[in-house]
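Structural overview for review
So you can see what is in the structure, the chains are spelled out below.
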Amino acid sequence: TCTPLVQFPISDLQPGAKVKGKTVAELGNRNRPIDMIVYQKDGKDYLLLANNSRGVMKISADKIAGAESIESPVKEERKGVGYETVLGWTGVSQLDRLDANTAVVLRRTEGGSDTLESRDLP
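By convention here, each chain's residues receive numbers from 1 onward along its written sequence. Under the rules for a predicted model, residues below a pLDDT of 70 receive no local features and side-chain atom pairs below 80 are neither given nor counted, while totals for whole chains, interfaces and linings still include all residues. Calculation of side-chain values draws on the structure's entire complement of heavy atoms; hydrogens and water are dropped beforehand.

1. Looking at the pattern of salt bridges
Basic side-chain nitrogens of Lys or Arg form a salt bridge, by our definition, when they fall within 4 Å of a carboxyl oxygen of Asp or Glu. Counted according to the given criterion, the structure contains four salt bridges. One salt bridge in this structure joins Arg54 and Glu77, with 1.9 Å as the shortest N-O distance. Note that Arg54 is positioned in the loop between strand S4 (44–51) and strand S5 (57–60) and Glu77 in the loop between S5 and strand S6 (79–80), a separation of 23 residues in sequence. Between Glu117 and Arg119 there is a salt bridge, with its nearest N and O atoms 2.7 Å apart. Each residue is assigned to one of three classes by its accessible area relative to the maximum for its type, calculated with a 1.4 Å probe on protein chains only: buried under 20%, partly exposed between the two thresholds, exposed over 50%. For Arg119, a relative accessible area of 18% translates into the label buried. The network of salt bridges with shared partners includes Arg107, Glu117 and Arg119. The way it works is that DSSP assigns letters per residue, a run of H or I at least four long becomes a helix, a run of E at least two long becomes a strand, and they are numbered from the N terminus.

Below, the structure written as structure tokens:
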């Protein structure tokens, strides 16, 4: 599998409509998205994306609108809008916003047990 990040115009999302998105990033092959949230920090919008093989990715949303469309197969590991791996957020299987500054995550520890934790948004 691969992990494309695709932008869709919200105004085009109508019942029965065929909508074409714009691929703005390839975030890595052999990777499956698990969960994603949107949040604001210091006046900027971010996506936080949990996946099965590359840790939790922090993506700056302000780079998405102006990004070039990726229209051909990607031969590199990743391409397009970049991301920062959030250190220490390992084994995350679900995440959500708890409030404006905090996320709640369900993650598997190295010992194999599941924990529910609150974490400051990066």
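What follows continues from the structure just given.
2. A few points about the side chain of Thr102
With respect to the element layout, Thr102 can be found in strand S9 (residues 102–108). Contact definition: two residues touch when any of their heavy atoms are within 4.5 Å. Not counting chain neighbours up to four residues away, the residues in contact with Thr102 comprise Arg97, Ser118, Arg119, Asp120 and Leu121.

3. Examining the environment of Trp89
Looking at the secondary structure, you find Trp89 in the loop between strand S7 (84–85) and strand S8 (92–97). Considering only alpha carbons, one finds Trp89 and Asp120, 31 residues apart in sequence, at a separation of 11 Å. For Trp89, the contacting residues outside a window of four places in its chain are Leu48, Val56, Ala103, Val105, Arg119, Asp120 and Pro122.

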